[in-house]
Amino acid sequence: MANKTAIVTGGGQGIGKCIVRELLYSDYNVVVAEKDTEAGLECEEEYSSIGNVKFISTDTSDETSVNNLIEKTLVITSRIDVLINNAAVVLFKPLELLSLDEWNTVIGVNLTGYFLCAKACVPHIRKQRGSILNISSTRAMMSERDTESYSASKGGVSALTHALAVSLGPEIRVNSISPGWIETGNWKKQSKRVDVIHSDEDRNQHPAGRVGIPGDVASAVLFLLDDKNSFITGQDFVIDGGMSRKMVYV
């Protein structure tokens, strides 16, 4: 896999940053498509000793910016094998107070951005018979209060995933991962990084007995990218410590 290239959107911090690290350890060239310049540069600097990593400033909700990402990636590596659609924004706000602009911002990054990146990458990934992985969320299936824009966007990601799998197969496999509670406090950029201490209640409410970590998602990414698993496409993998299977009564 030494010559394979992966693009990870939102790869400067959080789950995306962990995915970047694990791909580098697996001998991928990795392009970090990140809107937050501080986070993107930190990630590139921190992981440059592991492998070939390059930060490219990208607004995934903007088609011109996405096309620029692809052009620069091809200059750097000459190929694209994998797209990890991960960039996302979260907004908790009561429906009556949620503006149309706010709604469109969330949908633009979390759903339209996935479409734009897939559309731009497909001709290049098809040549390599590669993969697209979309990071969705258990919020595609269940909700907390005041998460209409986020939940709707992730529901769209899950539907987009199986639609792409049908349209792009067999040359390209497309799957999604739906994380539950994944603690990313210590995976943020340095200026925002925090060490989070979880209570017994936090841990014990999960059938798995703990809160998730970004490595849980990154491990699933590597599994789905492995050519040995080439019969898996159009699927969504829930990684939530069993929470979405738990009946809760008040």
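As the structure is a prediction and not an experimental result, all values here were calculated from the model.

Definitions and cut-offs
Residues numbered from 1 in each chain as written. Predicted model: local features only at pLDDT ≥ 70, side-chain atom pairs only at ≥ 80, totals over all residues. Heavy atoms only, no water. Helix = DSSP H or I, 4+ residues; strand = E, 2+ residues; numbered from the N terminus. Rg over C-alpha atoms; globule rule 2.2 N^0.38 Å. Buried < 20%, exposed > 50% of the residue type's maximum accessible area, 1.4 Å probe, protein only. Contact = heavy atoms within 4.5 Å. Areas by Shrake-Rupley, 256 points an atom, 1.4 Å probe, with all protein chains shown as cover. Lys, Arg positive; Asp, Glu negative; His and termini not counted. Charge placed at Lys NZ, Arg CZ, Asp CG, Glu CD. Core = buried A, V, L, I, M, F, W, Y, C linked by side-chain atoms within 4.5 Å. Patch = residues over 30% accessible without salt bridge, like charges linked within 9 Å, V, L, I, M, F, W, Y side chains within 5 Å. Salt bridge = Lys/Arg side-chain N within 4 Å of Asp/Glu carboxyl O. Pairing = 2+ DSSP bridges. Axes fitted to C-alpha atoms, helices over the stretch in contact; angles between N-to-C directions. Parallel < 35°, antiparallel > 145°, perpendicular 65-115°, else oblique. Left-handed = near helix turned anticlockwise from the far one by under 90°.

Student: A description of the overall build of the chain should follow, citing residues and the corresponding values.
Tutor: Each helix and strand in the chain was counted, giving seven helices and seven strands. Put simply, the chain runs from its N terminus to its C terminus through helices and strands in the order β-α-β-α-β-α-β-α-β-α-β-α-α-β. Relative to the compact-globule value of 18 Å for 250 residues, the chain shows a C-alpha radius of gyration of 17 Å, a close match. On the principal axes, the C-alpha backbone points of the chain span a range of 55 × 35 × 35 Å. The buried share of the chain, reckoned over its 250 residues, is 46%. Sequence separation of at least 24 residues holds for 71% of the intrachain contacts in the chain that already meet a minimum separation of 6. Summed over all atoms, the accessible surface of the chain reaches about 12,500 Å², with 52% contributed by carbon and sulfur. The distance from the centre of the 25 positive side-chain charges to the centre of the 31 negative ones in the chain is 4 Å.

Student: Give a description of the environment of Tyr47 that names residues and reports values.
Tutor: Considering the arrangement of structural elements, one finds Tyr47 in helix α2 (residues 37–47). Tyr47 gets classed as buried once you look at its relative accessible area, which sits at 5%. As a C-alpha pair, Tyr47 and Val109 span 62 residues in sequence and 25 Å in three-dimensional space.

Student: Kindly report on the nonpolar core, identifying the contributing residues and their values.
Tutor: Nonpolar side chains in soluble globular proteins tend to end up buried together. Within the largest apolar cluster, 54 residues are counted, with the highest numbers of intra-cluster contacts made by Ile7, Ile19, Val20, Leu23, Ile84 and Ile132. Per-element tally for this core: the top contributor is helix α4 (residues 100–128), with eight residues. In this structure, Leu23 is in contact with Ala6, Val8, Tyr28, Val30, Ile84, Leu222 and Leu225, ignoring residues within four places of it in sequence.

Student: Give me a nonpolar patch on the surface: which residues, what numbers.
Tutor: Together, Met141, Met142 and Val238 make up an exposed nonpolar region whose accessible area comes to about 260 Å². Here Met141 lies in the loop between β5 (131–135) and α5 (148–168).

Student: Describe unusual backbone geometry, naming the residues involved and giving the relevant values.
Tutor: Of the consecutive residues Gly169 and Pro170, the connecting peptide bond is found in the cis state with omega at 5°. Here Pro170 shows up in the loop between α5 and β6 (173–179). One non-glycine residue, Arg129, adopts positive backbone phi at about 50°.

Student: Account for the sheet that holds strand β7 (residues 236–239), with residues named and values stated.
Tutor: On the basis of which strands lie adjacent, the open sheet formed by seven strands has the order β3-β2-β1-β4-β5-β6-β7 and parallel pairing. Each edge of the open sheet is held by one strand with a lone partner, namely β3 (53–57) and β7. Neighbour-to-neighbour, the strand axes of this sheet turn through a mean angle of 20°, independent of strand direction. Two strands pair when backbone bridges link them, and strand β2 (residues 29–34) and β3 are joined in this way by five bridges, in the parallel orientation. Looking at the pairing, Glu34 lines up with Ser57 of β3. Sitting on the sheet, α4 is in contact with β1 (5–9), β4 (82–85) and β5, with an inclination near 175° to β4.

Student: Lay out the packing of α4 against α5 with the relevant residues and their values.
Tutor: Running from N to C, α4 and α5 cross one another at 20°; their axes reach a closest spacing of 8 Å. With respect to α5, the axis of α4 lies roughly parallel. In this structure, α4 crosses over α5, and the sense of that crossing is right-handed. Two secondary-structure elements touch here, α4 through Trp103, Val106, Ile107, Asn110, Leu111, Tyr114, Phe115, Ala118, Val122 and Arg126 and α5 through Glu148, Ser149, Tyr150, Ala152, Ser153, Lys154, Gly156, Val157, Leu160, Leu164 and Leu168.

Student: Give a description of the pattern of salt bridges that names residues and reports values.
Tutor: Pairing is possible between side chains of opposite charge, provided their charged atoms come close. Per the counting criterion, the structure on display carries eleven salt bridges. Here Lys189 makes a salt bridge to Asp36, at a shortest N to O gap of 2.8 Å. Note that Lys189 is positioned in the loop between β6 and α6 (200–204) and Asp36 in the loop between β2 and α2, a separation of 153 residues in sequence.

Note that all results are geometric; they support no functional claim without further evidence.
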